[in-house]
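The residues making up each chain are set out below.
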Amino acid sequence: MATAYIWPTNTLQPPKSFEETIIKNVSIVDVKTGKIAKHQFVLIEHSRITKIDSTNIIVSDDALIIDGTDKFLIPGLWDMHTHSDQHSEWLHHPLYIANGITGVRDMSGQLNEKDSYWVGSKERLQWNKDLELNTRVTPRYVLQSSYQMDGVKAIPEDAPDFFKLQNPSQVDSLLQFYKNEKVDFIKVYQQLPKDTYKTLALKAPEYGLHLAGHKPMFLSLEDAVNLGQRSFEHGRIFMYECFPETDSLKHSTNWKAYFSKSKAKIVHQFDSVQAKALMRLMQQKKLIGHLPYRP
């Protein structure tokens, strides 16, 4: 870790940009069917694929030619749960690109001041602009996140009160703030009060936003799905929801103590039938394998 933080690559330069690029004689993987189209020629103009053909494509003399013989071409990979920080520009971004990840959804954010560690929507949107201008090596960032909303204890005392979401009356101020920050979703966490969460879920679409992240402990997964939360980031929610005493986890005064002493019970009494029913509900609501964005 120490080596990573002092690694002197913060002046990483993007490769030279070409108006036209040809990848010759490459095998293209159809990721929907698994079939492979061999000996294909791919034309890229201004960083966009404009033509794929089984015969040679004629281009200008100053085009970049890449020999794809015995190589394979796939669509860029996506990482749908990342946490970018102030080191990502020189540490994470080159690693993403080197491993074929060209698009990410970042699950971190900032409050009303620039954070010394986490990045926010302003930085990520600027990275996207730099990518289009070929002045930065980075994946494209989609669906910008807010700071994680986890109630009073997760927010510094001197931050504006609406970040603390102590009651439903603060929801509009929070949503307006993040709309102005060009955020796409509010990241919810475990300890939001039930009434506040419900108001947040119902009002977010009015601001062009949605909810994603963790499931608050104080309401059921079924309720959260039906209220419109679009993604749930960790599969352990099914463990918490699918054992006989799950309601004991939904009392805000003692859920931590109950959880601490009941981990074995949560595992051994897991109800797979109930879990499958919840998964089907998520599928019906188009939460599984669904992303409301098309690059």
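You'll find the structure just up there.
As the structure is a computational prediction, the values presented were derived from the model and not from experiment.

Visitor: Can you explain helix 4 (residues 171-180)? Please cite residues and give values.
Guide: When we look at burial in helix 4, the residues that qualify are V171, L174, L175, F177 and Y178. For helix 4, the angular spread of the buried residues around the axis is 160 degrees, confining them to a single face. In the core, the buried residues of helix 4 are packed alongside strand 9 (145-149), strand 10 (185-188) and helix 5 (194-203). Positive backbone phi, at 60 degrees, marks K182, one or two positions downstream of helix 4.

Visitor: Break down the nonpolar core for me, citing the residues and quoting the values.
Guide: Judged by nonpolar contacts, the single largest core of 38 residues is most densely connected at M149, F163, L174, Y178, I186, Y197 and L200. Looking at this core, the elements that each hand over two or more residues are strand 9, helix 4, strand 10, helix 5, helix 6 (221-226), helix 7 (237-241) and helix 10 (272-284). Here F163 is in contact with L111, N112, M149, I155, L174, F177 and Y178, once residues within four sequence places are set aside. One finds Y240, L249, W255 and Y258 within the second-largest nonpolar core, a separate group that totals eight residues.

Visitor: Quick rundown of the sheet that holds strand 7 (residues 101-106)? Include the residues and the values.
Guide: The strand order across the open sheet formed by three strands is 6-7-8, and the pairing between neighbours is parallel. A single partner strand is all that each edge strand has here, and the edge strands are strand 6 (77-82) and strand 8 (140-142). Taken pair by pair, the neighbouring strands of this sheet meet at an average axis angle of 25 degrees, ignoring direction. Sheet topology note: the strand 6/strand 7 ladder contains four bridges and is parallel. Across the sheet, D79 pairs through a bridge with V104, a residue of strand 7. Contacts from helix 3 (residues 121-132) reach strand 7 and strand 8 within the one sheet, and its direction differs from that of strand 8 by about 140 degrees.

Visitor: Quick rundown of the pairing of strand 11 (residues 210-213)? Include the residues and the values.
Guide: Because side chains alternate across strand 11, one face comprises the buried residues H210 and A212, and the other comprises L211 and G213, equally buried. Taken together, the four bridges between strand 10 and strand 11 define a ladder with parallel strand orientation. Each residue of the ladder has a partner; that of I186, found in strand 11, is L211. Pairing geometry for strand 11 and strand 12 (residues 231-232), over two bridges, is parallel. Across the sheet, the residue bridging to G213 is F232, located in strand 12. Note on the crossover from strand 11 through helix 6 to strand 12: the handedness is right-handed.

Visitor: Go over the packing of aromatic side chains, please, and point to the residues and values.
Guide: Two aromatic rings are characterised by how far apart their centres lie and by the angle between their planes. As enumerated under the stated definition, the model contains nine aromatic pairs in all. Summarising the aromatic geometry, the rings of F162 and F163 are spaced 4.5 Å apart at their centres and angled 40 degrees between planes, so their arrangement reads as tilted. A residue is classified by how much of its surface remains accessible, and F162, at 19% relative accessible area, is buried. Residue F163 is classed as buried on the basis of its relative accessible area, which comes to 0%. A ring pair is formed by Y240 and F259, whose centres lie 5.4 Å apart and whose planes are at 80 degrees; its orientation type is edge-to-face. Of this pair, Y240 sits in helix 7 while F259 sits in helix 8 (residues 255-261), and the two are 19 residues apart along the sequence.

Visitor: Lay out the pattern of salt bridges in plain terms, naming residues and giving numbers.
Guide: Counted according to the given criterion, the structure contains 11 salt bridges. Linking D106 and R124 is a salt bridge whose minimum nitrogen-to-oxygen distance equals 3.3 Å. Taken together, the residues span a long stretch of sequence, with D106 in strand 7 and R124 in helix 3 at a distance of 18 residues. For D106, a relative accessible area of 0% corresponds to the buried category.

Rules used in this analysis
- Residues numbered from 1 in each chain as written.
- Predicted model: local features only at pLDDT ≥ 70, side-chain atom pairs only at ≥ 80, totals over all residues.
- Heavy atoms only, no water.
- Buried < 20%, exposed > 50% of the residue type's maximum accessible area, 1.4 Å probe, protein only.
- Helix = DSSP H or I, 4+ residues; strand = E, 2+ residues; numbered from the N terminus.
- Arc of directions from axis to C-beta.
- Contact = heavy atoms within 4.5 Å.
- Core = buried A, V, L, I, M, F, W, Y, C linked by side-chain atoms within 4.5 Å.
- Pairing = 2+ DSSP bridges.
- Axes fitted to C-alpha atoms, helices over the stretch in contact; angles between N-to-C directions.
- Right-handed = clockwise from strand over helix to strand, strands pointing away.
- Phe/Tyr/Trp six-rings, centres within 6.5 Å; stacked < 30°, edge-to-face > 60°.
- Salt bridge = Lys/Arg side-chain N within 4 Å of Asp/Glu carboxyl O.

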